[in-house]
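# Fold and geometry: a report
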Amino acid sequence: MDLNSASTVVLQVLTQATSQDTAVLKPAEEQLKQWETQPGFYSVLLNIFTNHTLDINVRWLAVLYFKHGIDRYWRRVAPHALSEEEKSTLRAGLITNFNEPINQIATQIAVLIAKVARLDCPRQWPELIPTLIESVKVQDDLRQHRALLTFYHVTKTLASKRLAADRKLFYDLTSGIYNFACSLWNHHTDTFLQQIASGNEAAVLSSLERTLLSLKVLRKLTVNGFVEPPKNMEVMGFLHGIFERLKQFLECSRNIGTDNVCRDRLEKIIILFTKVLLDFLDQHPFSFTPLIQRSLEFSVSYVFTEVGEGITFERFIVQCMNLIKMIVKNYSYKPSKNFEDSSPETLEAHRIKMAFFTHPTLTEICRRLVSHYFLLTEEELTMWEEDPEGFTVEETGGDSWKYSLRPCTEVLFIDIFHEYNQTLTPVLLEMMQTLQGPTNVEDMNALLIKDAVYNAVGLAAFELFDSVDFDQWFKNQLLPELQVTHNRYKPLRRRVIWLIGQWISVKFKSDLRPMLYEAICNLLQDQDLVVRIETATTLKLTVDDFEFRTDQFLPYLETMFTLLFQLLQQVTECDTKMHVLHVLSCVIERVNVQIRPYVGCLVQYLPLLWKQSEEHNMLRCAILTTLIHLVQGLGADSKNLYPFLLPVIQLSTDVSQPPHVYLLEDGLELWLVTLENSPCVTPELLRIFQNMSPLLELPSSCLANELSSENLRTCFKIINGYIFLSSTEFLQTYAVGLCQSFCELLQEITTEGQVQVLKVVENALKVNPVLGPQMFQPILPCVFRGIIEGEKYPVVMSTYLGVMGRVLLQNASFFTSLLNEMAHKFNQEMDQLLGNMIEMWVDRMDNITQPERRKLSALALLSLLPSDNSVIQDKFCGIINISVEGLHDVMTEDPETRTYKDCMLMSHHEEPKAMEDEEPPTEQDKRKKMLALKDPVHTVSLQQFIYEKLKAQQEILGEQGFQSLMETVDTEIVTQLQEFLQGF
């Protein structure tokens, strides 16, 4: 691409690519895509985005295309890679001028320089770092800032490389520039501190920007640039100096308004200081040991004393708490139970911690956390009133403890209490003692203090197990407080029911549960929405607990379910609806079929909620989960849900529909339980199977994806479900396509996947011995070949023998035609091939571990008898060996009569007794039971079958011929056989 002639054309196309008109935009994008691999294209782009007279949007687009080009074509091994000559020109051009006037474009240029540096620095681009260092020294403010911005992005990128050789290069780079980076940072910091007094906001902001960028560079060098940081005086000097600098910057915050750009930059620098400490502690815990004392003193003084009043802000407090938490929890600082086994570094760090966390210090931290940081604020109380659902979402915190004050304080409290529980338990118990009895509803501060203390007792539940008689406290203190209905008492009602939820799995007598259920029923009717939502959460914890008893819960089920449903209708936020649905799901799952009388209202409401949640896929996932438990609870009655249920399954499992990305896993689970509980197949249920073929195509491209493999397992269960439900109709409709999918899968799937495919085939043969082999005929030669060639994976071989055993035992004519087909393929005589198969079967019998399959093998091989075929007679010994092994597997001896009985035989009269906590059988369980009653494995006595086959063989050969045949069998085996056949 000639630069002079191409620049105008490329510029014109880039201009068209910024158009809002798709008719103009699309062709331009296509043209740019074609140019991506043209030599010289990126040189043209460089000329365009460095030309400050051009339109900003065009320049921005040129930068983006250049950046994407680095990702795709800069590596030497990439298809259509840029030539070394062009790359050399581009590298030189990128660092010629650091004078970009537009911030956003300057940032993109810095990022793309960093991308090139990741691949080429320092070997192919040795001049980059020296150029950047020289450029950050210039007096021109713009050039200095842009060079510093680039310096940061390059440092950040090089620091992120993890290969040993790259780490060594970064260590070498750091040792060469660290002193300069420190002096640069000190220079900009001192300049800022001098300017803050002058009141020149523009100059202050400019200095702050440079201070921030230079500190970002220093952070990456300090944390990632040294193998042993303590050996570098400059590093430790910088780290020790952070605390003084932090104090200076915090004091400066008094002189800067709360709502301007300078304040924002200042707070970012303060937070960045704490990030340096946190990162260094994380990466170099033992190197951090000299900083433990200072870090704890600084953090505790600013967070837990008056020192920080007026100058600290929320994010800074959070960072200080995280620093305390990381020191307290750091595994490197915890000695072994046997102190002598601990390293000197660990013992030194532990000594410093113990010396700092004295009884008075811990007591003050605990009291301050509870009485100051745990208190509900005016802002939170206002939010409670104005947006109760938003309040409950904020309160849960999720993974936000690192960034949000309330969850962060709670996590710090839990960690400190766990580490120093012997010291802090008496402190918390004393705070509890002062709050006995009811609290005056007019004293809001007293109510909030009690709320905070109860919060602490809930968070420390596991640590307080031996110190609190929770059952007595529940009856005498907490239960009466739940009955106070005054509006001002609602924070305590909500906190008490939360507190009970925390203790449910720790210490709560089963006998007290009815009292709790009564209280939950009352609270689910509370005037306050937050109280009701919290009560629903505690209900979930209660029914989830392993001591839950259905009989205790059933008297309250109707009331609770009705009230939960009303709550579900009342709440409007997606997150809250999901939460309440989850509680309903847990209740339904726990009580199972007992839910049937009460679900009518929910069943009618869910279609409306599904329609309303079209844009909220996570809410739809919650609906799917609820439907799964509903179907399990309703059993065969779930058929009444099909008008709503089947379209939901259809959408959720259709990979051509965008929502499947979110809904597929739950949708497959719902599909499976629907089949398992279906009393009969319907045309609509059968039609959904059209979604299966694309699903079976997915795993081949993502076999490493754990979720995908789990989904694939569910797909196989669904296919089996259809086979058990209606094998004839299902196989006639879908077997051809399914067989084709299986053939493709078997070539590229894992061993476990192959077994899953073969189990489907085995089930089809078991359920439908006539149609099954015909429908899966294309797979059976592969199975036969696997047996003959001695498949090396035992689990696969076992499944091969299970499949072939079904064909041989239950469809002998088909086996003969298959044997004939394989004889042609192997170019062997049928008898010879049959002999080889029997020989391999006998040899690999130990691969089969399931007793059912072992008996099946014995029955299948015995079915070849009686025979005058010389090959079968030649393998007679092996057949008898397998038969006797099978007898050992299945025969049990009656000690009284000394007779043997086949323990796998089943009769129609056998009804296994269900355990009290056992779930009732699904419709599919019943179908499997009926199938077992027709299965030769469970209906044919192996003992009698052997006797009859041997007798028939004797009749063919005569007494003498039969005796000669029996002499081929080991005498010990014959003795065992005779013992089993006594009485015949």
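Residues numbered from 1 in each chain as written. Predicted model: local features only at pLDDT ≥ 70, side-chain atom pairs only at ≥ 80, totals over all residues. Heavy atoms only, no water.

## Remarks on the overall build of the protein chain
Applied cut-off: Numbered from the N terminus, helices here are DSSP runs of H or I no shorter than four residues, and strands are runs of E no shorter than two. Atoms counted for the radius of gyration: C-alpha only. Globule rule: 2.2 Å times residue count to the power 0.38. The rule is simple: take the accessible area with a 1.4 Å probe, protein chains only, and divide by the maximum for that residue type; under 20% is buried, over 50% is exposed, in between is partly exposed. For this analysis, residues touch if any pair of their heavy atoms sits within 4.5 Å. Asp and Glu count as negative and Lys and Arg as positive, but His and the ends of the chain are not part of the count. By convention, the point assigned to a charge is CZ for Arg, NZ for Lys, CD for Glu and CG for Asp.
Helix and strand counts for the protein chain stand at 47 helices and 2 strands. Taken against the 2.2 N^0.38 rule, which gives 30 Å for 984 residues, the C-alpha radius of gyration of the protein chain at 38 Å runs more than 25% over that of a compact globule. With respect to the three principal axes, the spread of C-alpha positions in the protein chain is 120 × 85 × 70 Å. By the burial criterion, 54% of the 984 residues in the protein chain qualify as buried. Across the protein chain, contacts joining residues at least 24 apart in sequence account for 74% of those joining residues at least 6 apart. Here the protein chain contributes 87 positively and 124 negatively charged side chains, and the mean placements of these two sets differ by 5 Å.

## A word on the packing of aromatic side chains
Quick note on the threshold: Stacked, tilted and edge-to-face pairs are distinguished by plane angle, under 30 degrees for stacked and over 60 for edge-to-face with tilted covering the rest, among Phe, Tyr and Trp rings (Trp via its six-membered ring) whose centres lie within 6.5 Å. Charges are assigned to positions over rings by a cutoff of 6 Å between ring centre and Lys NZ or Arg CZ, combined with an angular limit of 35 degrees from the ring normal.
Tallied over the full model, the rule gives 39 aromatic pairs. Relative to Phe-249, the ring of Phe-192 lies with its centre 5.2 Å away and its plane at 20 degrees, an arrangement referred to as stacked. Of this pair, Phe-192 sits in helix H9 (residues 164–196) while Phe-249 is found in helix H11 (residues 233–252), placing the two residues 57 residues apart along the sequence. This pair shows no difference in class: Phe-192 is buried, exactly as Phe-249 is. Taken together, the ring pairs connect Trp-35, Phe-41, Tyr-42, Phe-49, Phe-66 and Tyr-73 into an aromatic cluster. The ring of Trp-185 is capped by Arg-245, whose NZ or CZ atom sits 5.3 Å from the centre of that ring. In this structure, Arg-495 is placed above the aromatic ring of Trp-498, and the distance from its NZ or CZ to the ring centre is 4.8 Å.

## Description of the nonpolar core
Inclusion rule: Put simply, buried Ala, Val, Leu, Ile, Met, Phe, Trp, Tyr and Cys residues joined by side-chain atoms within 4.5 Å make one nonpolar core.
By size, the foremost hydrophobic cluster in this structure holds 343 residues, and its most contacted members are Phe-413, Ile-500, Trp-671, Ile-719 and Phe-742. No other element matches the 17 residues that helix H34 (residues 706–748) contributes to this core. Those residues in contact with Phe-413, other than ones at most four positions away along the chain, are Cys-366, Leu-369, Val-370, Phe-374, Leu-428, Ala-456, Leu-459 and Ala-460.

## Some remarks on the environment of Lys-325
Tracing the backbone shows Lys-325 in helix H14 (residues 314–329). With 29 residues separating them in the primary sequence, Lys-325 and Leu-296 have C-alpha atoms 9.9 Å apart.

## Points about the pairing of strand S1 (residues 891–894)
We count it as follows: Strands were regarded as paired on the criterion that DSSP finds at least two bridges between them.
With 4 bridges joining them, S1 and strand S2 (residues 899–902) adopt antiparallel strand pairing. By the bridge assignment, Met-891 is partnered in S2 with Asp-902. From the end of S1 to the start of S2, which pair antiparallel, there are 4 residues, and Arg-898 there has a positive phi angle of about 60 degrees.

## Section: helix H38 (residues 794–810)
Convention followed: Multiply 1.5 Å by the residue count of a helix minus one, and that product is the helix's expected span.
In this model, H38 (17 residues) spans 24 Å end to end at C-alpha, consistent with the 24 Å of a helix rising 1.5 Å per residue. With respect to burial, H38 is a largely interior element, 14 of its 17 residues being buried.

## Points about the state of the cysteines
Our working rule: The disulfide criterion is simple: two cysteine sulfur atoms within 2.5 Å.
Summed over all chains, the structure comprises 0 disulfides. Cysteine Cys-601 shares no disulfide, and the gap to the nearest cysteine sulfur, in Cys-521, comes to 15 Å. Residue Cys-601 is classed as partly exposed on the basis of its relative accessible area, which comes to 28%. Lacking any disulfide linkage, Cys-739 is separated from the closest cysteine sulfur, that of Cys-743, by 4.5 Å.

## So, the pattern of salt bridges
Here is the rule: Note on definitions: salt bridges are taken to be side-chain nitrogens of Lys or Arg within 4 Å of carboxyl oxygens of Asp or Glu.
Throughout the structure, instances matching the rule amount to 45 salt bridges. Across the salt bridge formed by Arg-254 and Glu-251, the nearest N and O atoms sit 2.9 Å from each other. Put simply, Asp-451 and Arg-495 hold a salt bridge, and the shortest N to O gap is 3.1 Å. Linking Asp-451 in helix H21 (residues 444–459) with Arg-495 in helix H23 (residues 490–503), this pair joins segments that are 44 residues apart in sequence. Judged by relative accessible area, Asp-451 falls into the buried class, the value being 0%. Overlapping salt bridges bring together Glu-209, Asp-264, Arg-265 and Lys-268 as one network.

## Things to note about unusual backbone geometry
Looking along the chain, the bond that leaves Cys-121 and enters Pro-122 is cis, with omega of 5 degrees. Each neighbour pair has its own omega, and for Leu-865 with Pro-866 the value is -5 degrees, a cis peptide bond. The backbone of Asn-592 sits at a positive phi, close to 50 degrees, despite the residue not being glycine. With respect to the helices and strands, the residue Asn-592 is situated in the loop between helix H27 (574–591) and helix H28 (600–612). By relative accessible area, which is 11% here, Asn-592 ends up buried. Notably, Asn-827 is not glycine yet its phi reads approximately 60 degrees, a positive angle. Considering the arrangement of structural elements, one finds Asn-827 in the loop between helix H39 (812–826) and helix H40 (830–843).

## Regarding a negative patch on the surface
Stated formally: Exposure above 30% relative accessible area and no salt bridge define the residues that can form patches, which grow by joining like charges within 9 Å and nonpolar side chains of Val, Leu, Ile, Met, Phe, Trp and Tyr within 5 Å. All accessible-area figures derive from a Shrake-Rupley calculation using a 1.4 Å probe, and residue coverage is judged against the displayed protein chains alone.
There is a patch of like negative charges on the surface, built from Glu-314, Glu-379, Glu-386, Asp-387, Glu-394, Glu-573 and Asp-575. Residue placement: Glu-314 occurs in helix H14.

## Let's talk about H14
Counting along an α-helix, one turn takes 3.6 residues, and residues three or four places apart therefore face a common direction. A rise of 1.5 Å per residue sets the reference length of H14, with its 16 residues, at 22 Å; its end C-alpha atoms lie 22 Å apart and thus fit the reference within 8%. The buried fraction of H14 amounts to 12 of the 16 residues, a majority that puts the element mostly inside the structure. What H14 keeps buried is the set Phe-316, Ile-317, Val-318, Gln-319, Cys-320, Met-321, Asn-322, Leu-323, Ile-324, Lys-325, Ile-327 and Val-328. Its buried side turned inward, H14 meets H11, helix H12 (261–283), helix H13 (289–304), helix H15 (344–356), helix H16 (359–373) and helix H19 (405–419).

## Things to note about the side chain of Thr-363
Definition in use: A 3.5 Å cut-off defines polar contacts: any pair of N or O atoms within that distance qualifies, except that in protein one atom must be a possible hydrogen donor and the other a possible acceptor, and neighbouring residues in sequence count only when both atoms are side-chain atoms.
The residue Thr-363 is located in helix H16 in this model. On the basis of relative accessible area, Thr-363 is assigned to the buried category, the value being 13%. At 2.7 Å, the side chain of Thr-363 and the backbone oxygen of His-359 are in polar contact. When near neighbours in sequence (up to four residues on either side) are disregarded, Thr-363 contacts Leu-424 and Val-427.

## Observations regarding the packing of helix H6 (residues 103–120) against helix H8 (residues 141–159)
Defined as follows: What counts as an axis is a line fitted to C-alpha atoms, over the stretch in contact for a helix, and the angles between N-to-C directions run from 0 to 180 degrees. Each angle receives one of four descriptions, namely roughly parallel if under 35 degrees, roughly antiparallel if over 145, roughly perpendicular if within 65 to 115, and oblique otherwise. Left-handed describes a crossing whose near helix is turned anticlockwise from the far helix by less than a right angle; the clockwise case is right-handed. For this classification, Asp, Glu, Lys and Arg are treated as charged, while Ala, Val, Leu, Ile, Met, Phe, Trp, Tyr, Cys and Pro are nonpolar and the rest, including Gly, are polar.
For the pair H6 and H8, the least separation of the axes is 8 Å and the interaxial angle reads 40 degrees. Judged by the inter-axis angle, H6 sits oblique to H8. Regarding H6 and H8, the two cross each other, and that crossing is right-handed. Touching Asn-103, Ala-106, Thr-107, Ala-110, Val-111, Ile-113, Ala-114, Ala-117 and Arg-118 of H6 are Arg-146, Leu-149, Thr-150, His-153, Val-154, Thr-157 and Leu-158, all from H8. Per-class residue counts for the contact of H6 with H8 are 9 nonpolar, 5 polar and 2 charged.

## So, the side chain of Lys-220
Relative to the elements of secondary structure, Lys-220 occurs in helix H10 (residues 201–224). Of the side chains with opposite charge, Asp-279 comes closest to the buried, unpaired Lys-220, at an N-O distance of 5.6 Å. Ignoring any residue separated from it by four or fewer positions in sequence, one finds Lys-220 in contact with Thr-155, Lys-156, Ala-159, Phe-170 and Gly-225.

## Overview of the packing of helix H7 (residues 128–135) against H8
Running from N to C, H7 and H8 point in directions that differ by 145 degrees, and their axes come no closer than 8 Å. Between H7 and H8 the crossing geometry is left-handed. Taken together, the residues of H8 that come into contact with H7 (itself represented by Leu-128, Ile-129, Leu-132 and Ser-135) are Arg-143, Gln-144, Ala-147, Thr-150, Phe-151 and Val-154. Along the lines of polarity and charge, the residues of the contact of H7 with H8 split into 6 nonpolar, 3 polar and 1 charged.

## Re the environment of Leu-833
Position of Leu-833 relative to the elements: it lies in helix H40. With relative accessibility at 0%, the residue Leu-833 sits in the buried group. Taking the C-alpha atoms as reference points, Leu-833 and Ile-788, 45 residues apart in sequence, are found 8.2 Å from one another. In this structure, Leu-833 is in contact with Phe-784, Ile-788, Leu-819, Met-822, Ala-823, Phe-826 and Gln-828, ignoring residues within four places of it in sequence.

## A look at the confidence of the model for the protein chain
Note the cut-off: The predictor attaches a confidence to each residue, and that confidence, scored 0 to 100, is pLDDT.
Scored by pLDDT, the protein chain has a mean of 92; 96% of the residues are at 70 or more. Considering only residues more than four positions removed or in separate chains, one finds that residues 398–402, a stretch of pLDDT under 50, has 10 contacts. Considering only residues more than four positions removed or in separate chains, one finds that residues 700–707, a stretch of pLDDT under 50, has 5 contacts.

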